[in-house]
Each structure stands twice: as structure tokens, then as C-alpha cells.
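Chain by chain, the residues:
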Amino acid sequence: MLERGQVANSWRAERWDSLRLLTPNWQSRLPGLRYEGPDPDGYMTMGEVTEFIERFAAASRAPVRTGANVTSVRRTGDGYHVTTDRGEIRCRAVVIASGACNQPAVPQFAAAVPACVEQLTPFDYRDPAKLPDGGVLVVGASATGVQLAAELQRSGRPVTLSVGEHVRLPRTYRGRDVLWWMDASGVWDQRYDEIDDLTRARRLPSPQLIGTPERVTLDLNVLASMGVELVGRWAAVRDGRALFSGGLRNMFSLADLKMRRLLDTFDEWARGQGRDAEVRPPERFEPTRVPESNRLQLDLGSGEIRAVVWATGFRPDYRWLGVPALDAKGQLCHQGGVAGHPGLYALGLPVLRRRKSTFICGIEDDARAVIDHLTRYLAVRQ
Ligand SMILES: Cc1cc2nc3c(=O)[nH]c(=O)nc-3n(C[C@H](O)[C@H](O)[C@H](O)COP(=O)(O)OP(=O)(O)OC[C@H]3O[C@@H](n4cnc5c(N)ncnc54)[C@H](O)[C@@H]3O)c2cc1C
């Protein structure tokens, strides 16, 4: 196992200070390792996640070579030639487990943002003190965007949040964590070959969730009540002005509708399983409030906005992969983790084999299936 940094590198080096997992502690499970602390319904800090993964690496005696950056993987006659900054390796099979979130995805028009506005990604952001005083435009209203918008607004900076397609979820539903419902009702176990529009499912943004000791919901209504100004999707920069799409009302109704449908699924599951009495009665939440007027333009040179935070998602980095295994969008082509090249596999990508594939609790089932294929591949070729 080659790791360019240390074990749990992404949790150590690529996350902001206040981040906690959005999955509850009981859900952080790896083969043979479960959370056994006093707060199963709490959410781990980054230090705790790092410690948890280190504990797993030690318990599983994973043969990790840290500080070994893979700079190229090429196909040879009978396998692969791997170059690292600590030497060369020849092997018959490669499992790409380099993560789905290696770099922030920032739109090209970021280059047209005037120089007087500082630009940050979640990889640069650590805490509000990192930003200049004054207004902040946070772009993207998924898990990262809503969390950073709330933290920055609380720091006293006026925040404008540019909202694109998003997934609204309450933190708790009928007295249980919403991720308990995803888990128990089988939504998270839905397999990739049972999903109608897999491409879409793989691109779905992360849900608007935050892990806090108080188990609070952090949706757009909460942010608006805190004073965050909501604007539409940032579409372009023209003459130093940010141009936002209209249509907030439609986007909000769509997210509300999808949330209601998901909650209906949970209710049906509880009824069908005879578990209604274990949980509180069904709840329905206030629709997302549409601002009375929302700006369609913002003059980036006026001094109102001093910083832009791009919370526009993440993408993998395969610049080192010298095998033609990527599609036109730069995503790895694979069928449930089995790439189209003999002996090439992947783990940890969105909906790789199940909806839970990119979460810590999702790796075990996926790894079993992928490694089963890999061992059969190696056995046949012996
Ligand atoms: C902001 C954020 C919040 C998240 N919150 C949660 C959460 O609450 N709960 C949850 O379950 N999941 C969460 N996730 C998803 C999380 O990324 C996965 O659960 C988990 O980290 C995936 O593990 P992984 O090993 O597949 O990928 P990663 O953790 O990304 O690990 C990949 C490793 O590969 C190394 N690497 C990459 N390229 C190379 C190379 N060329 N050579 C050598 N090494 C390389 C990296 O250094 C890294 O250590 C979150 C993700 C993000 C971005």
C-alpha cells in the first residue's frame, strides 16, 4: 500500500479545523473495528477520525509505505509498472484507492474574478481568521458550503451563498439521525446495478448536513435566519460582475420535493417493518423560504465581497495514471470497481458498488467484492 503522506492523510491535511464527520460515530465502522466510546450518536473531529484510521491500520497490520507518492502507473506485458518518488515497483494488479476528493473542483470563470477578491478552496480554508474582514461569497450549498457559510457568518463577516443543485436533509427525523434512516431502510445499501440513472447518482452533491454535539439541522432556512443572503447558481463573470441564475424558487421546490419523497420512503419502511412504535411520529418540514428578492448580479470590484470560497465540490486526480482508463470528463471507467484493463481496480469512488461507497462505512462491502474479483484474476493467471 503506497501512501504519499501519512496514514489518514486527507483527514489530516485537506480538511478545515472545525469539521466533524457528518456520519454519526456508530456508523464509523471498518472491518473488525467499531466506535466503542461513550457517544455513539456524536460526530468525530478530524483528530478523532485520524486516530480511528491509524488504529485500523495498526490492527489490520496493513503494509503501508508512507511518504511514497505514485507518479506514474503504466501497463506492461503482464501487469503494471509503478513509479514512485521512492522507487519502482512491478506488479500484476493495481487497486486505485487514491480517493474521490483529491482536488477542489473550481469553475473556469474563477480566473475572471478581479484580483482584489481573495479566492480560497476548502483545501486552503482552515478557519475564518484566514480570510480578510468583509463580505464573503461562498459558492455551493452542499455539505461544505453550508458549513463554511454558517461559520463565516458567525465570525461577523456578511456572507452571500450562491446556491446550485443541492440535497436538503434534516439532521434528525422522527427522533433518529437521518443517516440511521438511510442505513436501516436500506437506501445506502442500494447497489449500483439497481440504480436507474447511475451517472446522475454518481454526481449527486453531498447532503446539507453538519455534525455538531447539538445535532442541529443546517439547511437554507437556518442560514437565511442567521442573516446569510441567498443567491442563485453562479453562472459567469462579466465585466467584473458575478452573474447568478434566477430560478431559486424552482431549485428550492425540487430539493424540498426530493427530501419529502425520501422521508416518505422512510415512513413506508418503518410501517412495513412494524417499527413505527420505535420512532416518533412522521414529521414534515417548512418549505425552503424563497427570499423576497434575490440579486442576479454582484459587482466584485465594489469592495462588498472581499473573498470567494469555492465550495463547488471535489474531483479525483489521476495525472499519474498512464493507462487509458478515463472517460472524457476525467472519471475512471469501471464496473463496480473493476476497470476495463486486466488487473486494474478501484475503490472509494461515488456509488462504486453501493450508495454508501464513498463513506467510511461503505468500504467493507465494496472491498470484499473487488478483492474477490482480484484474487480470482490472480489465481487464473498463476
Ligand atoms: C469534506 C469531506 C467530508 C467528508 N465527510 C465524511 C463523513 O462525515 N463520513 C464519511 O464516512 N465520509 C466522509 N467523507 C468521505 C471520505 O473522503 C471518505 O469516507 C474516505 O476518506 C474515503 O477514503 P479513501 O481512502 O477512499 O480516500 P482518501 O481518504 O481520500 O484517501 C486516499 C489516500 O490516497 C493518497 N494518495 C492520493 N494520490 C496518491 C498518489 N498519487 N500516490 C500515493 N498516495 C496517494 C492520499 O494521500 C490519501 O491519503 C468526506 C469527504 C470530504 C472531502
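Here, every reference points to the structure presented above.
Here is a short report on the structure shown in this document. A quick note: this is a predicted structure, and the numbers were derived from the prediction, not measured.

Reading guide: rules and limits
Within every chain, residues take consecutive numbers counted from 1 along the sequence as written. Given that the model is predicted, a residue must reach a pLDDT of at least 70 before its local features are reported, and side-chain atom pairs must reach 80 or more before they are shown or counted; all residues, however, enter totals for whole chains, interfaces and linings. Only hydrogens and water are set aside; all other atoms, that is, all heavy atoms of the structure, feed into the side-chain values. A run of DSSP states H or I qualifies as a helix once it reaches four residues; a run of E qualifies as a strand once it reaches two. Both are numbered from the N-terminal end. Each helix should span, by expectation, one fewer than its residue count multiplied by 1.5 Å. Exposure categories follow from relative accessible area, calculated using a 1.4 Å probe and restricted to protein chains: below 20% of the type maximum is buried, above 50% is exposed, and the middle band is partly exposed. This arc describes the spread of directions from the helix axis toward the C-beta atoms. Contact definition: two residues touch when any of their heavy atoms are within 4.5 Å. Near residues are defined by distance, with any heavy atom within 4 Å of the molecule or strand qualifying the residue. Polar contacts here mean pairs of N or O atoms no more than 3.5 Å apart (in protein, one a potential hydrogen donor and the other a potential acceptor; neighbouring residues in sequence count only if both atoms are side-chain atoms). Surface accessibility follows the Shrake-Rupley procedure with a 1.4 Å probe radius. Residue values consider only the protein chains on display as shielding. Three categories are distinguished: nonpolar for Ala, Val, Leu, Ile, Met, Phe, Trp, Tyr, Cys and Pro, charged for Asp, Glu, Lys and Arg, and polar for the others, with Gly belonging to the last. When DSSP finds two or more bridges between two strands, those strands count as paired. Side-chain atoms within 4.5 Å are what join buried Ala, Val, Leu, Ile, Met, Phe, Trp, Tyr and Cys residues into a set we call a nonpolar core. Stacked, tilted and edge-to-face are the three classes applied to pairs of Phe, Tyr and Trp rings, where Trp contributes its six-membered ring and a pair requires centres within 6.5 Å; stacked means planes under 30 degrees apart, edge-to-face means over 60, and tilted covers the rest. By definition, being over a ring means that NZ of Lys or CZ of Arg is both within 6 Å of the ring centre and within 35 degrees of the ring normal. Only the stretch in contact is used when a helix axis is fitted, and all axes are lines through C-alpha atoms; the angle between N-to-C directions ranges over 0 to 180 degrees. Each salt bridge in this description consists of a side-chain nitrogen of Lys or Arg and a carboxyl oxygen of Asp or Glu lying within 4 Å of one another.

Side note on helix α2 (residues 46–59)
Consideration 1: Between its first and last C-alpha atoms α2 spans 20 Å; for 14 residues at 1.5 Å apiece the expected length is 20 Å, and the two agree.
Consideration 2: When we look at burial in α2, the residues that qualify are M46, V49, T50, F52, I53 and A57. One side of α2 carries all its buried residues, which in axial view fall inside an arc of 160°. Looking at α2, the residues exposed on the side facing more than 90 degrees away from the buried face are A58 and A59.
Consideration 3: Buried residues along α2 sit in contact with α1 (9–13), β1 (29–30) and β2 (33–34).

Section: the site of the ligand
Consideration 1: With respect to spatial proximity, 24 residues lie near the ligand, and among them E3, S10, L22, T23 and I360 are the closest.
Consideration 2: In the environment of the ligand, an oxygen atom lies 3.3 Å from a nitrogen or oxygen atom belonging to the side chain of N9.
Consideration 3: Note that an oxygen atom of the ligand is positioned 3.4 Å from one of the side-chain N or O atoms of W11.
Consideration 4: In isolation the ligand has 970 Å² of accessible area, and contact with the protein removes 84% of it.
Consideration 5: It is α1 that provides the largest number of residues to the shell around the ligand, a total of three residues.
Consideration 6: Within the shell around the ligand, the residues separate by chemical class into 13 nonpolar, eight polar and three charged.

Regarding the pairing of strand β19 (residues 305–310)
Consideration 1: Taking burial as the measure, the six residues of β19 include five buried ones, the bulk of the element.
Consideration 2: Strand direction decides the pairing type here: strand β8 (residues 118–120) and β19, joined by three bridges, are parallel. In the sheet register, E118 faces β19, and the bridge partner there is A307.
Consideration 3: Where strand β9 (residues 135–139) lies against β19, five bridges are found, and the strand directions are parallel.

Some thoughts on the nonpolar core
Consideration 1: With 41 residues, the main nonpolar core has V138, L161, V163 and L223 as its most contacted residues.
Consideration 2: Counting residues per element, the ones that place at least two in this core are α2, β9, α3 (143–154), β10 (159–162), α6 (220–226), α7 (248–272) and β19.
Consideration 3: Core analysis: the second largest hydrophobic core is formed by 23 residues, V94, L321, V323 and L352 among them.

What to know about the environment of D41
Consideration 1: By secondary structure assignment, the location of D41 is in the loop between β2 and α2.
Consideration 2: Residue D41 is classed as partly exposed on the basis of its relative accessible area of 37%.
Consideration 3: Here the alpha-carbon distance between D41 and S98, two residues 57 residues apart in the chain, equals 29 Å.
Consideration 4: Ignoring sequence-local partners within four residues, the contact set of D41 consists of P24, W26 and R215.

Brief notes about the packing of aromatic side chains
Consideration 1: As enumerated under the stated definition, the model contains 14 aromatic pairs in all.
Consideration 2: For the pair W180 and W269, a centre-to-centre distance of 5.9 Å together with 75° between the ring planes defines the contact as edge-to-face. Note that W180 is positioned in helix α4 (residues 178–184) and W269 in helix α7, a separation of 89 residues in sequence.
Consideration 3: Under the relative-accessibility criterion, W180 is labelled buried at 14%.
Consideration 4: For R15, the ring lying beneath its charged end belongs to W11, and the centroid distance is 4.4 Å.
Consideration 5: Directly above the ring of W180 sits R176, whose terminal nitrogen or CZ lies 4.3 Å from the centroid.

Points about the sheet that holds β19
Consideration 1: Pairing within the open sheet is parallel, and its five strands lie in the order β8-β19-β9-β10-β15. One side of each edge strand has no neighbouring strand; the edge strands of this open sheet are β8 and β15 (229–231). If you compare each strand with its neighbour and ignore which way they point, the axes differ by 20° on average.

Structural notes on the environment of L344
Consideration 1: Position of L344 relative to the elements: it lies in strand β23 (residues 344–346).
Consideration 2: It is 31 Å that separates the C-alpha atoms of L344 and L22, two residues lying 322 residues apart in sequence.

A look at helix α8 (residues 363–380)
One turn of an α-helix holds 3.6 residues; hence residues three or four places apart share an orientation.
Consideration 1: Between the first and last C-alpha of α8 there are 26 Å, a value that for 18 residues agrees with the 26 Å anticipated at 1.5 Å per step.
Consideration 2: Of the residues making up α8, those classed as buried are D366, V370, L374 and Y377. The arc that holds every buried residue of α8, seen down its axis, measures 55°, which confines them to one face. Set apart from the buried face of α8 by more than 90 degrees, the exposed residues are R368 and V380.
Consideration 3: Buried residues along α8 sit against β6 (94–96) and β23.

Focus on the pattern of salt bridges
Consideration 1: One pass over the structure, following the stated rule, counts 26 salt bridges.
Consideration 2: Here D183 makes a salt bridge to R29, at a shortest N to O gap of 3.0 Å. Placement of D183 in helix α4 and of R29 in strand β1 is noted, with a sequence separation of 154 residues between them.
Consideration 3: Exposure remark for R29: the relative accessible area of 18% places this residue in the buried category.
Consideration 4: Among the ionic pairs, D372 bridges to R376, the shortest N-O distance being 3.1 Å. Placement of both D372 and R376 in helix α8 is noted, with a separation of four residues, approximately one turn of the helix.
Consideration 5: Sharing partners across several salt bridges, the network here consists of R174, D264, D267, D276 and R284.

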